[in-house]
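What the coordinates show
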Amino acid sequence: MDEEILVKGQREALTAEVVQVGAFRNRAWIDTPATISVITRSLMDAQNVQGLEAALRNTPGITQQTTSPFNTNTFNVRGVQIRADSNYRLNGGLPIINYAPMPVENKQRVELLKGVSALYYGFAMPSGILNLGTKRAGAQPVTTLYTTADTEGGYGGGVDVGRRFGAGDRLGLRVNGYASDLQSTTNGVSGHRELLSAALDWQANDRLTIKADAEYYHRTGQEPGGITLPTAVAGKITLPAIPAPSLRFAPENAVFSTWGMNAALRADYAMSDTWSARAEAGVAQAHRNRMISTLGSVNLTTGAGRNTITYTPGQFWENRYGRAEMAGQFTTGPLRHDLLLGLARTDMYSRDQLQLRYAAMAQNLYNPVVIPQSALTLSTVTINAGGVNSDTGAYAMDTVSMGPVQVIAGLRAVDYRISTASSAYSVRTVTPSFGLLLRPAMAVSLYGSYIEGLESAGTAPDGTTNAGKIMDPAVSRQWEAGLRYEAHGLQTSLAAFRIERALAYTDTSNTYVLNGRALHQGFEAAITGKLLPALEVAISGQYLDAVQRNTGTAAQDGKPVVNSAKWSGSAFVQYSPRFLDGWSINGGAYYTGDRYADALNLAQLSGYTTYSAGFGHSWHLSAQKRITLRATVDNLTDKRYWATGGTTLYAGASRMGKMTLLLDL
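This section reports on the structure supplied with the text. All of these numbers come straight from a predicted model, not from anything done at the bench.

Calculation rules
- Residues numbered from 1 in each chain as written.
- Predicted model: local features only at pLDDT ≥ 70, side-chain atom pairs only at ≥ 80, totals over all residues.
- Heavy atoms only, no water.
- Phe/Tyr/Trp six-rings, centres within 6.5 Å; stacked < 30°, edge-to-face > 60°.
- Helix = DSSP H or I, 4+ residues; strand = E, 2+ residues; numbered from the N terminus.
- Buried < 20%, exposed > 50% of the residue type's maximum accessible area, 1.4 Å probe, protein only.
- Lys NZ or Arg CZ within 6 Å of the ring centre and 35° of its normal.
- Pairing = 2+ DSSP bridges.
- Salt bridge = Lys/Arg side-chain N within 4 Å of Asp/Glu carboxyl O.
- Axes fitted to C-alpha atoms, helices over the stretch in contact; angles between N-to-C directions.

**Let's talk about the packing of aromatic side chains**
Taken as a whole and judged by the stated rule, the model has 12 aromatic pairs. Taken together, a centroid distance of 4.0 Å and an interplanar angle of 20° make the contact between Y99 and W317 stacked. One end of the pair, Y99, is in the loop between β6 (94-96) and β7 (107-114); the other, W317, is in strand β17 (residues 304-332), with 218 residues separating them in the sequence. Residue Y99 is classed as partly exposed on the basis of its relative accessible area, which comes to 24%. By way of ring pairs, the aromatic residues Y120, Y121 and Y395 are connected into one cluster. Above the plane of the ring of F70 lies R219, whose end atom (NZ or CZ) is 5.0 Å from the centre.

**A few points about the sheet that holds strand β35 (residues 644-645)**
The sheet built from four strands is open, its strands ordered β4-β3-β2-β35 with mixed pairing. The sheet is open, and its two borders are formed by β4 (80-81) and β35, each paired with just one other strand. Examined bridge by bridge, strand β2 (residues 62-65) and strand β3 (residues 75-77) share three bridges and lie antiparallel to one another. Counted as the bridge partner of T63 is N76 from β3.

**Comments concerning the pattern of salt bridges**
Counted according to the given criterion, the structure contains 32 salt bridges. Notably, a salt bridge pairs R78 with E480, separated by 3.7 Å at the nearest N-O pair. Placement of the pair is R78 in the loop between β3 and β4 and E480 in strand β25 (residues 473-487), with a sequence separation of 402 residues. You'll find R78 and E480 in the same group, each marked buried. The closest approach of N and O atoms between D201 and R136, which form a salt bridge, is 2.8 Å. With D201 in strand β12 (residues 190-203) and R136 in the loop between β8 (128-134) and β9 (142-150), this residue pair connects regions lying 65 residues apart in the sequence. Taken as a pair, D201 and R136 share a single burial class, namely buried.

**Digging into the sheet that holds β7**
As summarised here, the arrangement of the five strands in space is β1-β7-β8-β5-β6, forming an open sheet in which the pairing is mixed. Pairing within the sheet leaves two strands with one partner each, and these edge strands are β1 (36-40) and β6. On average, each strand axis in the sheet is inclined to that of its neighbour by 25°, with strand direction left out of account. For β1 and β7, the ladder comprises five bridges, and the chain directions are antiparallel. Each residue of the ladder has a partner; that of V38, found in β7, is E111.

Here it is in structure tokens:
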């Protein structure tokens, strides 16, 4: 049952015994035929993680694109974007919306299922599914008060309470609250955020279990301002020197404010010892007001340029989600079948968006000036049409086992529709999934898989000759093979992957086109867990060869995909010796290799490595009470680097120290 698995998942370890995402929910990690990175609560605590960006640096192949990392994150995985409205999930189900940055204080784990995930999740980018698992009430009561602070002057505090109630402890409740004042390493960029969440578990009887989740989060701040990719001269784009992270280019009070709400309800019913049914539904909302400021047309000698400023107030997105499924076991001769049957539907709604553009303002890259809001002159007002996306899918997956061999086969029937004020399209098709898993020994598994999926090629962006045009859906195909080993608290994995997908980009005539194919292939390896009794590690690396093909442009064919680093990796080590009773020390290194910012590869962003170091100590006041102090310094060497790729560049944050003090009662 999920209850037992979740309690196990709360033990203090860097590894996770099971996964909680997609069709693999509740499957043992070693029996999962896919690349899934699990960032546990223990790992996030050791690193003082306060956002998704910091959590995901523990898995390779992650880059960021276009948006300010301080306010929100647009992640790429294996060179493919994680779509903000369909590729983020809460507890493996509800599609949550990443336009309002996801909080992690109330999360027990962050999981990244890499690659195509169409069987269970339908119409989604083949980058992967980012799943956030909430904290839940376990067998032991939890009462934790904590405070946070950083060297920029930011501070906050929170509470985490979990209890079980009633006869047999059948009712469980976990409540989290957090509020903080935010300070960045960029001058004049600050804000605040709040979180309030509750997770309810009710075992109504021996067969029926009800789960409910609700969370509200709010964030306000300002935009630092990005740098537009310079124009090519003589077939080359010369990038400016990476500016100091403290420099701000946006106008004063360039607002970035968001709030989001997620609510989900799930019922699990055991029909017999071997068959169960599940029904779940939920709604996710995100609101945002944002003033985007980008500095372009920069004279690299003097730094003089022009700020382009756009304000989009009242942005709103809503996802409505429902799923019903049945799972069970039966045998046919020597074969055991684990069958999953389901029906799911997601409706994604976006409101018409008012867009205000202002006359370009003079700004300087090297010595930015203060631009008051009163100096802005409105130039144009437009409305970008919203729309409704409906994704309905019926799916079936059968895992056939005989001894050490498992054969997995699945199909999903897809009915996908998009409707806006100006256009609409729909598609119906069937996408297959196949896999083979071998267990030659208890500690070893080998697997191979093939998955097909549909993805949206998006909508032609504003400023192109066909702005607003909805592109046709495209087929993605993925092959993957892997090896897993798990013993003595250590998990080791190695995978080879190949993804073929359609290529969408703005061509030389400034038209957004769906043209050609992209091929993403490479290798990924990871070692996580106890290397020695007192030494824990989380080490991973990836080689990625992502190239563009059949674009019709000779200068583009064969070039790497935008913002795809060939090499990336991370290494985190934590040492907790017995002779230092209650103490631990840790350090980390996080590497992103060279990548290109444009489709023609005229602008190269240099690779970089950032380092972290920290320590933790617990004082036991009694058998039940303890105080824990954790301190971490990120970007220890104060490295300057481009944090994002694509057409808009942002400098990464400078060195920052963080502290967390917890009281467990």
